[in-house]
Amino acid sequence: QEVFDILPKRDVVSWNALIAGYAQYGYCNEVFQCFDQMRREGISPSAITLSCVLKACGSIESAEKGESILAYIKDDLLCNDVLVGTALVDMYSKCGMLSKAEGAFHDLPIPNRASWNALIAGYAQHGEGEDALHLFEKMQHAGFVPDKVTFLCTLQACGHTGAPGKGQEIHDAIVDRGLLDKDIFLGNSLIDMYAKCGMISKAEEVHCKLRSRDVVTWNALITGYVQKGKSHEALNCYQRMQEEGLFPDVITFICILQACGSIRALDKGK
């Protein structure tokens, strides 16, 4: 912002650089302020500008704000630019307006993997797991190869719907592509999926094979044990987690207190 303020001349590229930075780091109010100031200076927004502003609208789950932005999108730009169309799908998905998200998706001239991911994520994050998995199949039939984001969303859907078979398929695909060794988020999602599907031994197996673990990794396993009524195992995980030098967070404490209550371990609870 400091460098931007001293520029002798600002064009759409300079505005986009600043707006994209604010959008990337979640400074949504600053995104909207820049967008308004940019237009006051007579600079027409580009596809990059609009996609960043729509991203900010999705981050604050303000479909009303997002739809007000559509007034500045020319029909040909909206219909023909995949970047803007995908941002619109993402915005509606994050706001839980799934029918509108799907409508925006079908309006795209040529959907790409990012637009598929945005739609799948919307259904997965709002508890529509079966629809998310159906879209996952359609995406592959359309010739798109899933990436990390796709796998994260579909694993979430498998956990919500209790579909360990499909989850195992996705697990195998992740391993075959060597993604599990590189990404702790995928490992955490696998543990969470197996735990939610009641396959706690499989969750433990994945947990043990991970090269690195964080508090989220341990929380996923501890939560699974508590939900299965295995309070002693949950407390054991709590002990192991601390031995690895990791500090509990709110979720850890909630689960461990529940475990203590289940086995009446008052001293441990205290």
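Quantities reported herein were computed from a predicted structural model and do not represent experimental measurements. (Residues numbered from 1 in each chain as written. Predicted model: local features only at pLDDT ≥ 70, side-chain atom pairs only at ≥ 80, totals over all residues. Heavy atoms only, no water.)

**Things to note about the pattern of salt bridges**
Scanning the entire structure with this criterion turns up 14 salt bridges. In this structure, the salt-bridge partner of Lys 148 is Asp 183, at a minimum N-O distance of 3.0 Å. A residue pair is termed long-range when its members are at least 10 positions apart, and Lys 148 in helix 11 (residues 148–161) and Asp 183 in the loop between helix 12 (164–176) and helix 13 (184–196) qualify at 35 residues. Residue Lys 148 is classed as partly exposed on the basis of its relative accessible area, which comes to 33%. Of the residues examined, Asp 183 reaches a relative accessible area of 14% and is grouped as buried. A single salt-bridge network, built from bridges that share partners, covers Glu 137, Lys 166 and Glu 169. (Salt bridge = Lys/Arg side-chain N within 4 Å of Asp/Glu carboxyl O. Helix = DSSP H or I, 4+ residues; strand = E, 2+ residues; numbered from the N terminus. Buried < 20%, exposed > 50% of the residue type's maximum accessible area, 1.4 Å probe, protein only.)

**A closer look at unusual backbone geometry**
The backbone of Glu 61 shows a phi angle near 50°, a positive value even though the residue is not glycine. Take Glu 61: it is sitting in the loop between helix 4 (47–59) and helix 5 (63–69). Positive phi, close to 55°, is recorded for Arg 264, a residue that is not glycine. Considering the arrangement of structural elements, one finds Arg 264 in the loop between helix 17 (250–262) and helix 18 (266–269). The exposure class assigned to Arg 264 is exposed, which follows from its relative accessible area of 77%.

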